[in-house]
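What follows is the residue order along each chain.
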Amino acid sequence: MSEQPPRDSSEQPDPLDHFEEIIAAETGRDPDLAVIEAGSRTLRTLGGPPEAGVPTRPADPEVDKALREVEAELATRWGETKLEPSVSRIAALMDVLGEPQRSYPSIHITGTNGKTSTARMIEALLGAFDLRTGRYTSPHVQSITERISLDGAPVTAERFIETYQDIKPYTEMVDSQQEYRLSFFEVLTAMAYAAFADAPVDVAVVEVGMGGSWDATNVIDADVAVVTPIDLDHTDRLGGTHAAIATEKAGIVKQDATVVLAQQPVDAAQVLLKKAVEVDATVAREGLEFGVVSRQIAVGGQLLTLRGLGGEYEEVYLPLHGPYQAHNAAVALAAVEAFFGVGSQRPEPLDIDTVRKAFAAVSSPGRMEVVRRSPTVVLDAAHNPAGARATAEAIGEAFDFSRLIGVVGASGDKNVRGLLEAFEPIFAEVVVTQNSSHRAMDADALAAIAVEVFGEERVQVEPRLPDALEAAITLAEEDGEFAGGGVLVTGSVITVGEARLLLGKG
């Protein structure tokens, strides 16, 4: 099915007249709370790179072999889910490398959902203003080289290998001096910081791996700290409340920085604003200093009017689906404005044509990504209840499926029941499966939960992902009243990445 066409603009209220009303409706909270809690300075209005895509395996057999050897060596280290909450090892490695992360300014991004898409938007905006960018995000969809990008594109396999070999003697030196060896994520983080310094980049856009305070990325002192929406995830490591999770994530907010806050639960906002006061950080809050004024559904995405720190940005086309991506765009725009000093050092907004060009070029593989037509197959890496709810809303808004089949493969350490419950209203049937990761939940165990949520007649079990995709596509193609069916593959970044390969993307 095709996306819904643009809506008649005559149906929309005048956004300039109703900004505060729109924001109040979207936040559902008292906008004065943040003012009361903050007691700090706030930013107020004073008056692109090519599409990155996803890399494939190297065509040169020798390069592919060398990359596999690097991947194998990295795999011997602690995985990303095994943590020792400390930055001592990565700090020691940065020291022997000569502190490469100090050689460029940075924008640091934390939060529960939306970090990677927001990072890509920030990168696109900075690149459109002729800055050389480095972007570090995780996890990857298909190739480990995706995690480190220069000028809007993943580094080549050759450069990834070279960077690893360059820092390898130093990682071994630090390994010998520490109680625990450097982890997989710590080594990749060091590689990113070293690659950015070697390029060199004008600015680094860095996404945390988990939390903030003790995340390996947190050896930078970012000029701009971004906090995307906080929800309950990784509760065994970050805490079981929004406030506890926000406490960890607030660790990226440094002295005299600018903090760009997406809409947050009240208790999370209180923690973040208190931290801003403690370090004399400047605060820009979605719903107060910036936000989404209006949005219209358009073919392939949406048309936005954004209120930034320097004024209104109208007719901004974003080729991504869902209300949450509009909010990510507002956050990204505010972060880049803050980086350039808009709202504090300079009164004028960013050049509107450059902003439009940048957003129109944004891509986010594996996030509401259409990879097939007839029937339409959509991939989305939602892996927690909050992400699933956002995806469910976006699917209902952007597509007119008469019958939607879900393919779900989740990790065993996630809130799988909450994930399935979020999707239950939009899935006619669900095919449960598992990906190749050791973290994947067993398909039968996932099916047992799915039966409790959906009922036995709506659940099909296919342990192999290729079989699950085939089964779902067959169900979506059923004739009669079910014409116009679609498939949503979700539950894990790994599931989405493997499905993407199976469906011919990369």
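We now turn to the structure provided with this report. (Residues numbered from 1 in each chain as written. Predicted model: local features only at pLDDT ≥ 70, side-chain atom pairs only at ≥ 80, totals over all residues. Heavy atoms only, no water.)

A word on the sheet that holds strand E3 (residues 148-150). If you walk across this open sheet you meet the 8 strands as E4-E3-E2-E5-E1-E6-E7-E8, and the pairing is mixed. The strands lining the two open edges of the sheet, one partner per strand, are strand E4 (153-154) and strand E8 (282-285). Direction of pairing for E3 relative to E4: antiparallel, over a ladder of 2 bridges. Within the sheet, the bridge partner assigned to Leu150 lies in E4 and is Ala153. Strands strand E6 (224-227), strand E7 (258-261) and E8 of the sheet are contacted by helix H10 (residues 266-278), whose axis makes an angle of about 155° with E8. (Pairing = 2+ DSSP bridges. Helix = DSSP H or I, 4+ residues; strand = E, 2+ residues; numbered from the N terminus. Contact = heavy atoms within 4.5 Å. Axes fitted to C-alpha atoms, helices over the stretch in contact; angles between N-to-C directions.)

As a further point, take the nonpolar core. Of all hydrophobic cores here, the largest spans 41 residues; its most connected members are Ile122, Val226, Val260 and Phe359. Put simply, the parts of the chain that give this core at least two residues each are strand E1 (106-110), helix H5 (115-128), strand E5 (203-207), E6, strand E10 (301-308), strand E11 (311-318), helix H11 (323-340) and helix H12 (352-360). For this core, the element with the highest residue contribution is H11, accounting for 10 residues. Among residues more than four places away in sequence, those in contact with Val226 are Ile107, His108, Ile109, Thr110, Ile122, Ile252, Val260, Val331 and Ala335. (Core = buried A, V, L, I, M, F, W, Y, C linked by side-chain atoms within 4.5 Å. Buried < 20%, exposed > 50% of the residue type's maximum accessible area, 1.4 Å probe, protein only.)

Next up on the list: the pairing of strand E17 (residues 485-490). Counted residue by residue, E17 has 6 buried out of 6 residues, so it is predominantly covered. Burial along E17 is two-sided: Gly485, Val487 and Val489 facing one way and Gly486, Leu488 and Thr490 facing the other are all buried. Where strand E13 (residues 376-379) lies against E17, 4 bridges are found, and the strand directions are parallel. What sits directly across from Leu379, in E17, is Val489. Pairing geometry for strand E14 (residues 403-408) and E17, over 6 bridges, is parallel. Counterpart to Leu404 in the pairing with E17 is Gly486.

A word on the sheet that holds E10. Strands sit in the order E9-E10-E11 across an open sheet of 3 strands; the sheet is antiparallel. Two strands lie at the open edges of the sheet, namely strand E9 (291-298) and E11, each paired on one side alone. For this sheet, the mean inter-axis angle between neighbouring strands, taken without regard to orientation, is 15°. Bridge analysis of E9 against E10 gives 7 bridges, and the strand direction is antiparallel. Each residue of the ladder has a partner; that of Ala298, found in E10, is Gly301. Here H11 sits on the sheet and contacts E9, E10 and E11; the angle it forms with E10, its principal contact strand, is near 40°. Each of E10 and E11 touches H12; the most contacted strand, E11, lies at about 30° to it.

Its location among the elements puts Arg77 in the loop between helix H3 (61-75) and helix H4 (88-96). Accessibility expressed as a relative area gives 9% for Arg77, which makes it buried. Here Leu182 takes part through its backbone oxygen, which lies 2.8 Å from a polar atom of the side chain of Arg77. Ignoring anything within four residues of it in the chain, the contact list for Arg77 reads Thr171, Asp175, Arg181, Leu182, Ser183, Phe184 and Val187. (Polar contact = N/O pair within 3.5 Å; in protein donor to acceptor, adjacent residues only side chain to side chain.)

The element E5 is largely enclosed, with a buried count of 5 among its 5 residues. The side-chain alternation of E5 yields two buried faces, one formed by Val203, Val205 and Glu207 and the other by Ala204 and Val206. Two strands pair when backbone bridges link them, and E1 and E5 are joined in this way by 4 bridges, in the parallel orientation. Bridged to Ser106 within E5 is Ala204. The sheet contact formed by strand E2 (residues 133-136) and E5 spans 4 bridges and is parallel. Counterpart to Gly134 in the pairing with E5 is Ala204.

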